[in-house]
Amino acid sequence: MEYSYNKCSYVKSYIALPEPKLNVIQQAAELINNAKKPMIIFGQGVILSGAEQELKQLIEKADIPAANTLLGISAIETDHPNAVGMVGMHGNYAPNFLTNSCDVLIAIGMRFDDRITGDLSQYAKQAQIIHFDIDKSEFHKNVKANIAVLGDAKETLTTTLTLIEKNDHTAWKQEFADLEAVEKKEIWDEVLSPTEGDITMAEVVRRVSEITNNEAIVVTDVGQHQMFACRYSKFKNTKSFISSGGLGTMGFGLPAAIGAKLGAPEKDVVCFSGDGGFQMTMQELGTIMEYGINVKAIILNNGFLGMVRQWQDLFFDKRYASTPMMSPDFGKISSAYDIEYKKVTERDNLVSSLKEMLSHDGSFVLEVKVKEELNVFPMIPGGAAVTDVRLK
Ligand SMILES: Cc1ncc(C[n+]2csc(CCOP(=O)(O)OP(=O)(O)O)c2C)c(N)n1
Ligand SMILES: [Mg+2]
């Protein structure tokens, strides 16, 4: 197999092409074959190595419930029967909670960052842990692995697959379905299908998925809208979700969307930004103007630095210091760059405006006035255990 990064002239901090060890893969496969309650968490490593099909075959053959990290989104389709959603601070109830019930946790191309694990001393203590990664320094860094499978995920998963037996975990998967039903009842209905009141971020995100047939590339900035976009976008194809994980850099969205459109000109590229983050790099509308790049930029305007306001609400008695914010007239800003603009304030106009934006031949800024004080749930409070996930 040839790897383009072999040709890099700079020196990598890790060995880019570690040789997988067959005996370690055999141990991993044996553990997976004997597991009663196995669970997979896959991250961006799967996408970077092009191992999506191998991951899917593993999930299907061994019938394992599989959760994604933020950057693992879209590696397998959202509607896959074994897909159980996202883990992490604002991930889904079932995979977060059941991380502490599985007997074998199989982490693939992910690094157990603190947004995923919460309190490490209470994270998956009951489970045997298998960690697939290409970077040796990720092993045992945050979570001690029982079996560390070093190598490129496509290569290691291909070998693992030859050793995996067909299995059936219907009863275990039902535990996920039961908790998913709780989450849907407690959270989804209110944010996804409200019939009155202000438009919510979640419904904008979901309408975009519906109109684009789950085939758009979704790019996000950082904040509440980012979490709503992760939670409620649906995907059919890999490499369809781009977001700033790790550093979580506001202002990332618009320039990243430009890059996405240049990389995949045949796709619809829809960028969700907050009113705060959009202002950090809105000068990139100049790049869009100059090169005529067809990016659809949606500003979900809640009049706040919403994610910070959420923490002030939940943990600081609603002391909204420095989070309520005014925005410039985004219509004037857009017209200064000769970019089409529209503002939506009423639910009745939402779908038609999204369709108008998506069918427009060229870039478009759509500002949607959304509910101001709406929090993203579930939430694992910082430093809490995955089982302390809050539904409200
Ligand atoms: C450059 C930068 N500054 C500050 C933060 C901390 N931060 C994270 S989310 C957020 C608020 C984002 O507000 P907005 O863009 O309006 O999005 P919303 O949360 O309202 O959807 C802030 C200040 C950050 N992630 N990046
Ligand atoms: Mg905001």
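As the structure is a computational prediction, the values presented were derived from the model and not from experiment. (Residues numbered from 1 in each chain as written. Chains lettered and ligands numbered in written order. Predicted model: local features only at pLDDT ≥ 70, side-chain atom pairs only at ≥ 80, totals over all residues. Heavy atoms only, no water.)

Assigned secondary structure in the chain consists of 15 helices and twelve strands. For a compact globule of 392 residues, the expected C-alpha radius of gyration is about 21 Å, and the chain comes in at 21 Å, within 12% of that figure. Taking the principal axes of its C-alpha atoms as reference, the chain extends roughly 65 × 50 × 35 Å. Counting all 392 residues of the chain, 55% fall into the buried class. Within the chain, counting contacts between residues at least 6 apart in sequence, those at least 24 apart form 73% of the total. Of the roughly 17400 Å² of accessible surface on the chain, a fraction of 50% belongs to carbon and sulfur atoms. Averaging the coordinates of the 39 positive side-chain charges in the chain and doing the same for the 51 negative ones gives two points 2 Å apart. (Helix = DSSP H or I, 4+ residues; strand = E, 2+ residues; numbered from the N terminus. Rg over C-alpha atoms; globule rule 2.2 N^0.38 Å. Buried < 20%, exposed > 50% of the residue type's maximum accessible area, 1.4 Å probe, protein only. Contact = heavy atoms within 4.5 Å. Areas by Shrake-Rupley, 256 points an atom, 1.4 Å probe, with all protein chains shown as cover. Lys, Arg positive; Asp, Glu negative; His and termini not counted. Charge placed at Lys NZ, Arg CZ, Asp CG, Glu CD.)

With that out of the way, let us pick up the site of ligand 1. Taken together, 18 residues surround ligand 1, and among them Q224, H225, G248, G277 and G306 come closest. Separating an oxygen atom of ligand 1 from a side-chain N or O atom of H225 is a distance of 2.8 Å. Residue G276 places a main-chain N or O atom 2.9 Å away from an oxygen atom belonging to ligand 1. Tallying contributions element by element places helix α11 (residues 275–281) first for the shell around ligand 1, with four residues. Grouping the amino acids of the shell around ligand 1 by side-chain chemistry returns eight nonpolar, nine polar and one charged. (Near = heavy atom within 4 Å. Polar contact = N/O pair within 3.5 Å; in protein donor to acceptor, adjacent residues only side chain to side chain. Nonpolar A, V, L, I, M, F, W, Y, C, P; charged D, E, K, R; others polar.)

The next thing to look at is the confidence of the model for the chain. Detailed reading of the predicted coordinates is not advisable wherever pLDDT is low. Mean pLDDT over the chain stands at 95; residues scoring 70 or higher make up 96%. Scored below 50 in pLDDT, residues 1–5 makes eight contacts in the model with residues more than four places away or belonging to other chains. (pLDDT = per-residue confidence, 0-100.)

This part is about the nonpolar core. Core analysis: the biggest nonpolar cluster contains 69 residues, and L105, V204, F272, I298 and V368 have the highest contact counts within it. Sort the elements by how many residues they give to this core and helix α7 (residues 170–192) lands first, with seven residues. Not counting residues up to four positions away in its chain, the partners in contact with F272 are V204, V205, V208, V218, V219, T220, D221, H225, A229, I298 and L300. If you look at the next biggest cluster of nonpolar residues, it comprises 31 residues, including V24, I25, A29 and I59. (Core = buried A, V, L, I, M, F, W, Y, C linked by side-chain atoms within 4.5 Å.)

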